[in-house]
Amino acid sequence: MDKAVIDVIRKKEQLPDSMTDSKIAREYKGTYTAARAAVSLEHKPLDQVLADAMAKVLPFMRKRK
């Protein structure tokens, strides 16, 4: 299991820092939580995808920061 996935699981499940990465990997291997953590690293939320697409099509409508 990747370190990034383990970090996401630790954050989402609010696991203590004292819990080792190997123990987290062993307990969460093949679980729904691990799958969601891996997907969350690779995908943007739908609203962000729509905002990016709208910015490409209608560049004058971008939000000003």
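Residues numbered from 1 in each chain as written. Predicted model: local features only at pLDDT ≥ 70, side-chain atom pairs only at ≥ 80, totals over all residues. Heavy atoms only, no water.

## A short note on helix H1 (residues 3-12)
For an α-helix, 3.6 residues make a turn, and residues three or four places apart therefore share a direction. So the rule is basically this: The cut-offs for exposure are 20% and 50% of the maximum accessible area for each residue type, with area from a 1.4 Å probe on protein chains only; residues under the lower value are buried, those over the upper are exposed, and the others partly exposed. Starting at the N terminus, helices and strands are each numbered in turn, a helix being any DSSP run of H or I of at least four residues and a strand any DSSP run of E of at least two. Between two residues, a contact is recorded if the distance between any of their heavy atoms is within 4.5 Å.
Looking at H1, one finds that the buried residues are Val 5, Ile 6, Val 8, Ile 9 and Arg 10. Buried-residue contacts for H1 involve helix H2 (21-28) and helix H3 (32-42). Immediately beyond the C-terminal end of H1, within one or two residues, lies Gln 14, with a positive phi of roughly 55°.

## A few points about the pattern of salt bridges
Worth spelling out the cut-off: Take a side-chain nitrogen of Lys or Arg and a carboxyl oxygen of Asp or Glu: if they are within 4 Å of each other, that pair is a salt bridge.
For the structure on display, the rule yields 3 salt bridges. Residue Asp 7 pairs with Lys 3 through a salt bridge whose shortest N-O separation is 3.1 Å. Of this pair, Asp 7 and Lys 3 both sit in helix H1, 4 residues apart, which is roughly one turn of that helix. Between Lys 3 and Asp 21 there is a salt bridge; the shortest N-O distance is 3.0 Å. Remark: Asp 21 occurs in helix H2 and Lys 3 occurs in helix H1; sequence separation between them is 18 residues. Relative accessible area serves as the criterion here: at 46%, Lys 3 is assigned to the partly exposed category. Relative accessible area serves as the criterion here: at 25%, Asp 21 is assigned to the partly exposed category. It is possible to trace a salt-bridge network through shared partners that takes in Lys 3, Asp 7, Arg 10 and Asp 21.

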